[in-house]
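# Geometric and topological summary
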Amino acid sequence: MLDIKWIRDNPKALVEALRKRSWSSEDAQSTVDDLIARDEARREHLTELQTRQERRNAASKEIGNAMRSGDAALAERLKTEVGEIKAFIQNGEARERELDKALNDALAVLPNVPLDDVPVGKDEHDNVIKRIVGKVPTRPNWVKEHFEIGEALGMMDFERAAKLSGSRFTVLKSRLARMERALGQFMLDLHTTEHGYEEIQPPLMVKDEVLFGTGQLPKFEEDLFFTPRGDGRLGLIPTAEVPLTNLVREELIPHEKLPLRYTALTPCFRSEAGSAGRDTRGMLRQHQFYKVELVSITDQDSSLAEHERMTECAEEVLKRLGLPFRTMTLCTGDMGFGARKTYDIEVWLPGQNAYREISSCTVCGDFQARRMEARYKDKDGKGNRFVHTLNGSGTAVGRALIAVIENYQNEDGSVTIPEALRPYMGGLEKIESR
């Protein structure tokens, strides 16, 4: 959530930021004007409330003076005035809550402001290559996509998954199931032992206010799955970013404890609203998938350096697995709602003859922290500031499985296991049909 004070002081900057995010000039200007008008109405009302409260306090003292001086008529007039002021204040406090809610609701659907060095563009076609790692090999004519390989091995079953749960689910079997588990364990071990992240096992269902804290609500409610709980509901996490980031919600963190770095391997649940017809074959776009998440909580001076560090941690997973990839700087029109800047890591998939996203690493500034009320103490211990939050995939386990299957496939239909995974696979070197 953006700071309304910053918006008041920098209305043109916000209009320009929204235009960079592909808003029309008219919509951007009217939105900013509306926000400022809502805030002005709230501030005017608060000023009036304060004035009435001061008058009530003064009149109460005057009643005592009138009573002591024997001026009963004045005392009665003042009592009548105080009664009217009390009624106004009571109604005014309810009005204050209405005005606060109206302003906060308008702020809650406003996206973050991109950093100045983010390339301006409309969509993925305007993203900019940051670096390319690994050489894309010549594609033999026998190369297949992951689902063709998995089905031929007898270890990837979409028909039975559909019987159990419908479309966009997969049943993995035998050594492919083990390799998916191995990938998750390999990533966790790398991030905890070498990269300094603390492993967390968070809840997989969270409250609405937790989803609000990281920006999934209210804007992206249709992308979520919910389950009833009493007279309310809990949301299944779309990513471990949600519970990991909210570990610091409503807390004041000593500066010396920063940065906090968390990682988790969890299932993730997404309705994939709006993706009808996209990636309908295979495991690329599922309602349920595993992902290793990276989350960092920093002070305001460290977040940009932490963003580069986090991206390198995610890239290291692909380097260890020997997978070609490229890292892209997303343009303003392709960034997520809460992002100030995002790097997408795209792994090479020979079966598709294309790079596909396997990780997004994002710096959010204090955007999420304002929604979560998460702060830290200044170094001098005198002031409190909102923390800065970052999140990234380290990486998507299912997509890593796809990448390994396609990049390590052999002409006979077998799949060679990368050396980094062999200790997690009992020393097995190759997956062959049963």
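Everything here concerns the structure above.
Each chain carries its own residue numbering, running from 1 in the direction its sequence is written. Where local features are concerned, this predicted model is filtered to residues with pLDDT of at least 70; where side-chain atom pairs are given and counted, the filter is 80 or more; whole-chain, interface and lining totals use all residues. Values shown for side chains rest on all heavy atoms present in the structure; no hydrogens or waters enter the calculation.

Right, let's get into the pairing of strand E11 (residues 325-329). Note on exposure labels: buried denotes an accessible area under 20% of the residue type's maximum, exposed denotes more than 50%, and partly exposed covers the range between, all computed with a 1.4 Å probe on protein chains only. In DSSP terms, a helix is any run of H or I states spanning at least four residues, a strand is any run of E spanning at least two, and both are numbered starting from the N terminus. Counted residue by residue, E11 has 4 buried out of 5 residues, so it is predominantly covered. Examined bridge by bridge, strand E1 (residues 128-133) and E11 share 5 bridges and lie antiparallel to one another. Opposite arginine 131, over in E11, you have threonine 327 as the bridge partner. The rule for pairing is simple: two strands pair if DSSP sees at least two bridges between them.

Turning our attention to the sheet that holds strand E5 (residues 205-206). Strand pairs in the sheet, formed through backbone hydrogen bonds, run parallel or antiparallel to each other. With respect to topology, 3 strands assemble into an open sheet ordered E5-E7-E6, the strand pairing being antiparallel. Each of the sheet's edge strands pairs with one partner strand only, and the pair in question is E5 and strand E6 (225-229). Here 2 bridges tie E5 to strand E7 (residues 232-236), and the two strands are oriented antiparallel to one another. Looking at the pairing, valine 206 lines up with glycine 235 of E7.

Attention shifts here to the environment of histidine 195. You can see histidine 195 is positioned in the loop between helix H7 (174-193) and strand E4 (198-199). Judged by relative accessible area, which is 11%, histidine 195 ranks as buried. Along the primary structure histidine 195 and arginine 309 are separated by 114 residues, whereas in three dimensions their C-alpha atoms are 9.3 Å apart. With near-sequence residues (within four places) excluded, histidine 195 lies in contact with Leu190, Arg261, Arg309, Cys313 and Glu316. What qualifies as a polar contact is a pair of N or O atoms within 3.5 Å, subject to a donor-acceptor requirement within protein and to the restriction that residues adjacent in sequence count only when both atoms come from side chains. At a separation of 3.0 Å, a polar atom in the side chain of histidine 195 contacts the side chain of histidine 191. Contact criterion: two residues are considered in contact whenever any of their non-hydrogen atoms come within 4.5 Å of each other.

The subject of this paragraph is unusual backbone geometry. The peptide bond linking leucine 258 to proline 259 adopts the cis configuration, its omega dihedral lying at 0 degrees. Examined against the element boundaries, proline 259 turns out to sit in the loop between strand E8 (252-253) and strand E9 (260-269). Note the cis peptide between glycine 394 and threonine 395, where omega equals 10 degrees. With respect to the helices, strands and loops of the structure, threonine 395 is situated in strand E16 (residues 388-396). Positioned with a positive phi, serine 22 is a non-glycine residue whose angle comes to about 75 degrees.

Across its 37 residues, helix H4 (residues 72-108) extends 53 Å between first and last C-alpha, which sits within 8% of the 54 Å expected from 1.5 Å per residue. On its buried face, H4 is in contact with helix H1 (4-9), helix H3 (25-69), helix H8 (208-213) and helix H11 (367-372). The span expected for a helix works out to 1.5 Å for each residue beyond the first.

Taken in spatial order, the 3 strands line up as E8-E14-E15 in an open sheet, and their pairing is mixed. Of all strands in the sheet, those with a lone pairing partner are E8 and strand E15 (384-386), marking the two edges.

Within the element layout of this structure, asparagine 353 appears in the loop between strand E12 (341-349) and strand E13 (354-363). Its relative accessible area of 45% is what places asparagine 353 among the partly exposed residues. Spatially, the C-alpha atom of asparagine 353 lies 31 Å from that of valine 295, the residues being 58 residues apart in sequence. Other than its neighbours up to four places away in sequence, asparagine 353 contacts Arg139 and Trp348.

Further remarks concern the state of the cysteines. Cysteine sulfur atoms that pair up within 2.5 Å are treated as a disulfide. Counted under the stated rule, the structure contains 0 disulfides. We note that cysteine 313 lacks a disulfide partner, and the nearest cysteine sulfur, in cysteine 361, lies 8.6 Å from it. Not part of a disulfide, cysteine 331 finds its nearest cysteine sulfur in cysteine 364, a span of 17 Å. On the basis of relative accessible area, cysteine 331 is assigned to the buried category, the value being 0%.

By definition, a salt bridge exists where a carboxyl oxygen of Asp or Glu is found within 4 Å of a side-chain nitrogen of Lys or Arg. This structure, assessed with the given rule, holds 31 salt bridges. Close ionic contact of glutamate 16 with arginine 19 constitutes a salt bridge, the shortest N to O distance being 2.8 Å. Of this pair, glutamate 16 and arginine 19 both sit in helix H2 (residues 11-20), 3 residues apart, which is roughly one turn of that helix. You can call arginine 19 partly exposed: its relative accessible area is 37%. For glutamate 250, the salt bridge identified is with arginine 249, shortest N-O distance 3.7 Å. With relative accessibility at 59%, the residue glutamate 250 sits in the exposed group. The network of salt bridges with common partners includes Arg8, Asp39, Arg42, Arg43 and Asp100.

The next subject is helix H10 (residues 303-321). For H10, built from 19 residues, the straight-helix expectation of 27 Å at 1.5 Å per residue is met to within 8% by its first-to-last C-alpha distance of 28 Å. What H10 keeps buried is the set Ser303, Glu306, His307, Met310, Thr311, Cys313, Ala314, Glu315, Val317, Leu318 and Leu321.

For helices, the fitted axis covers only the stretch in contact; all axes are lines through C-alpha atoms, and the angles between them, taken along N-to-C directions, range from 0 to 180 degrees. Where H7 meets H10, the closest approach of the two axes is 10 Å, and the angle between their N-to-C directions is 125 degrees. Between H7 and H10, the crossing angle belongs to the class labelled oblique. Crossing geometry of H7 relative to H10 is assigned as right-handed. Contact residues: H7 offers Leu183, Phe186, Met187, Leu190 and His191, while H10 offers Cys313, Ala314, Glu316, Val317, Arg320 and Leu321. Looking at side-chain class alone, the contact of H7 with H10 contains 8 nonpolar, 1 polar and 2 charged residues. These descriptions rest on fixed angle ranges, namely under 35 degrees for roughly parallel, over 145 for roughly antiparallel, 65 to 115 for roughly perpendicular, and the rest for oblique. Two helices cross in a left-handed way if the nearer one is turned anticlockwise from the farther one by less than a right angle. They cross in a right-handed way if the turn is clockwise. Under the scheme applied here, ten amino acids are nonpolar (Ala, Val, Leu, Ile, Met, Phe, Trp, Tyr, Cys and Pro), four are charged (Asp, Glu, Lys and Arg), and all others, including Gly, are polar.

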